[in-house]
Every structure is written in structure tokens, then in C-alpha cells.
Amino acid sequence: MTAGIIAGLISALLQAMSYLCSADFMLKYKSSLRLVIFSQLGMGVICLPFLPFLFLWKLAENLPEFLAWTGAWILCFTIGQTAFFNTLRTIEASRMSSLLGLKIIVLSVIYVLIMRTPLSPLQWVAVLLSTLAAVGMNWSGGTRFSFKGILWLLVTLIAYSLTDMTETHLVSMPKTGNIIRDSFAIGTVCYSLLGILTLPFLLKFRWTGKQFVKAAPFAVTWYLSQVALFVCFGLLGTVFGNVIQASRGLISIGLGILLLYLGLGRLDSRITPAMWARRIAAAVLMTAGIVLYSIAGLRS
């Protein structure tokens, strides 16, 4: 369990860093789809050279199922990334990072309505706390949410929740006994295929070295965060993994304060110390709610 928690915290830190990198790209190019394309190409470039060495041939024994789940992951991930970057047009990175903790609500609905897994009263209290924290974050200053932004946020939460579920299944398939190797193997296969499938989009978005370089920081931090997340999900499961990911909100707020101190506030919103305090309180409340959800799940 300790290794899973550490992996989850590393993933949360890297994801928070990747959001700031994506904000930097968006400030220059103003195109979420362009960032999706060039970051996915970047991750493909990273992974393809290692594919022959990391691919687990044991997966070939059940190749149709593996490819089906990989295809589902690619679809959910691509939709989630596109929706996420569109959401960043109206919600700055530090707020969005905390709002992604609302995935626990979406996962709860999925487990109740689709998986037919009931929630205990304590778990519903935890869901309520997370919702109140998200509302508190909305009232903590910064750009107001537009209707379009709320819709994009909803799509992001649903797509990312489904992505988490497919990742948890994929990383459980190799069963080699080495979760770190399995995670790197699954991540390498997934992002190699994603990079290859992205190539046709270069017919619409002309390749330039400057765009690739600008997207590279996001591609690297995101890929490493996902490998760590695979390890976390493999050891703790989807729900508990998202509990650990709740720390992403606090980490992102800390990074936002650091950026302001370094004079790089353009990567996030400019708000007062009082607003930062309210955001921290909301992020702590969300973290408490999600941890409570996990404790309730363990008791049941």
C-alpha cells in the first residue's frame, strides 16, 4: 500500500506541473486541439523507441481483449484531453486541478448505476463534502464559470473517470508480479499507439519544431505522471487511487503561489492572498471528503 500511495503522490505532483505546462502552451497558441496533437506526438516519440524492449509478449495470449481495452482507453483519453484543454479557456489551472477531484462523484455514479455497487451513508457524506469544496473553489476568485466551461468540465470528468477505469483494467492484465514494469509496458504501448494514430492530424496542423518544443514539457510530465498513476491504480484500485490524486489540488495551489513568487503569475490567475486562503480551505475540504469516502469503502 505504501508504494501505491507514494506513486499516487508522485503522479499528483507531475500532473499539477503538466497543467501549468499546458497553460503556457495555450497562452501562445490558443488551441486546445493543437496541444492535444503535438503532446500526443511527443509522447509517441518518447515511447516508440522503447516499445520492442518493454512490450510484454504475455499480452499476445489475449491480444483481442487487450486491443479492445486499449482502443477504449485511447477514445476516453483523447476526449478527456480535448475537453480538459477547452475547460482551461475559462477555468485557470490551479482551480481546475482541484475540480478534477470531482471525478470521485462521477465514479460513484458509475459504480452505483452501472456497476450496481451501492454506497454507504458515510460515502455519500464524503461525496457531499467534495461537492461543497468544488463550489467553494468556484467562489474563491478568478474567472467566472461560463455555461460552456461547465459543460466542458462535465465531459472532462466523465471521460477521465472512464479513462481511470480502463487504465486499472489494463495494468491488471499482464500479471507478471512486477507492477512497475507492467505500468511502463502498458504506458509505452498505449502512448505509442496514440502517437501513431495522431500522425494523420498533421495534415491539418502543419508540423513546426517550435510547437513540438513548446508541447514537450507537458508531454514529458504527463507521460511520467500516467506511469506513476498506473502503478497507483494497480496497487490501490481506481477509487483509492483517486483519493491520493486529491492531493493534486493542494499541490497545484502551492505551485501557483510559487509561480507568483517567481514572477511567473501569467501561467495562472492573479488573485489576492485572501482568495488563495479560501482556495486552500476548499482544497483541504475536498481532500478530507475523498479520504472519508475511502475510509468508508474500506469499512464496508
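Above this note sits the structure.
Analysis parameters
- Residues numbered from 1 in each chain as written.
- Predicted model: local features only at pLDDT ≥ 70, side-chain atom pairs only at ≥ 80, totals over all residues.
- Heavy atoms only, no water.
- Axes fitted to C-alpha atoms, helices over the stretch in contact; angles between N-to-C directions.
- Helix = DSSP H or I, 4+ residues; strand = E, 2+ residues; numbered from the N terminus.
- Parallel < 35°, antiparallel > 145°, perpendicular 65-115°, else oblique.
- Left-handed = near helix turned anticlockwise from the far one by under 90°.
- Contact = heavy atoms within 4.5 Å.
- Buried < 20%, exposed > 50% of the residue type's maximum accessible area, 1.4 Å probe, protein only.
- Polar contact = N/O pair within 3.5 Å; in protein donor to acceptor, adjacent residues only side chain to side chain.
- Salt bridge = Lys/Arg side-chain N within 4 Å of Asp/Glu carboxyl O.
- Nonpolar A, V, L, I, M, F, W, Y, C, P; charged D, E, K, R; others polar.

Enquirer: Is there a simple way to explain the packing of helix H2 (residues 32–47) against helix H10 (residues 209–236) in this structure?
Expert: The geometry of a pair of packed helices is captured by two quantities: the angle between their axes and the separation between those axes. Contact geometry for H2 and H10: axes closest at 8 Å, N-to-C directions at 65°. Taken together, H2 and H10 sit at an angle that is classed as roughly perpendicular. Handedness of the H2/H10 crossing: right-handed. Facing Arg-34, Leu-35, Phe-38, Ser-39, Leu-41, Gly-42, Met-43, Val-45, Ile-46 and Cys-47 of H2, the residues of H10 in contact are Gln-211, Phe-212, Ala-215, Phe-218, Ala-219, Val-220, Trp-222 and Tyr-223.

Enquirer: Please clarify how the side chain of Thr-188 should be interpreted in this entry.
Expert: Examined against the element boundaries, Thr-188 turns out to sit in helix H9 (residues 179–198). For Thr-188, a relative accessible area of 2% puts it in the buried group. Within the structure, the side chain of Thr-188 is placed 2.6 Å from the backbone oxygen of Phe-184, a separation counted as a polar contact. Every residue in contact with Thr-188, bar those within four places of it in the chain, is listed here: Cys-47, Phe-50, Leu-51, Leu-54 and Tyr-223.

Enquirer: Looking at this structure, I do not really get the pattern of salt bridges. What am I missing?
Expert: Here the idea is simple: oppositely charged side chains can pair when their charged atoms come close. Evaluation of the coordinates by the stated rule reveals one salt bridge. Across the pair Asp-164 and Lys-103 runs a salt bridge, and its minimum N-O distance is 2.6 Å. Residue Asp-164 is located in helix H8 (residues 147–172), and its partner Lys-103 is located in helix H6 (residues 103–113); the two are separated by 61 residues in the primary sequence.

Enquirer: Got a minute to help me understand the packing of H6 against H8 in this structure?
Expert: In the contact formed by H6 and H8, the axes pass within 9 Å of each other and the chain directions differ by 65°. Considered as vectors, H6 and H8 are oriented roughly perpendicular to each other. Viewed along their axes, H6 and H8 form a crossing whose handedness is right-handed. Seen from H6, the contacting residues are Lys-103, Val-106, Leu-107, Ile-110 and Tyr-111; seen from H8, they are Leu-157, Ile-158, Tyr-160, Ser-161, Leu-162, Asp-164 and Met-165. Its residues placed into classes, the contact of H6 with H8 shows nine nonpolar, one polar and two charged.

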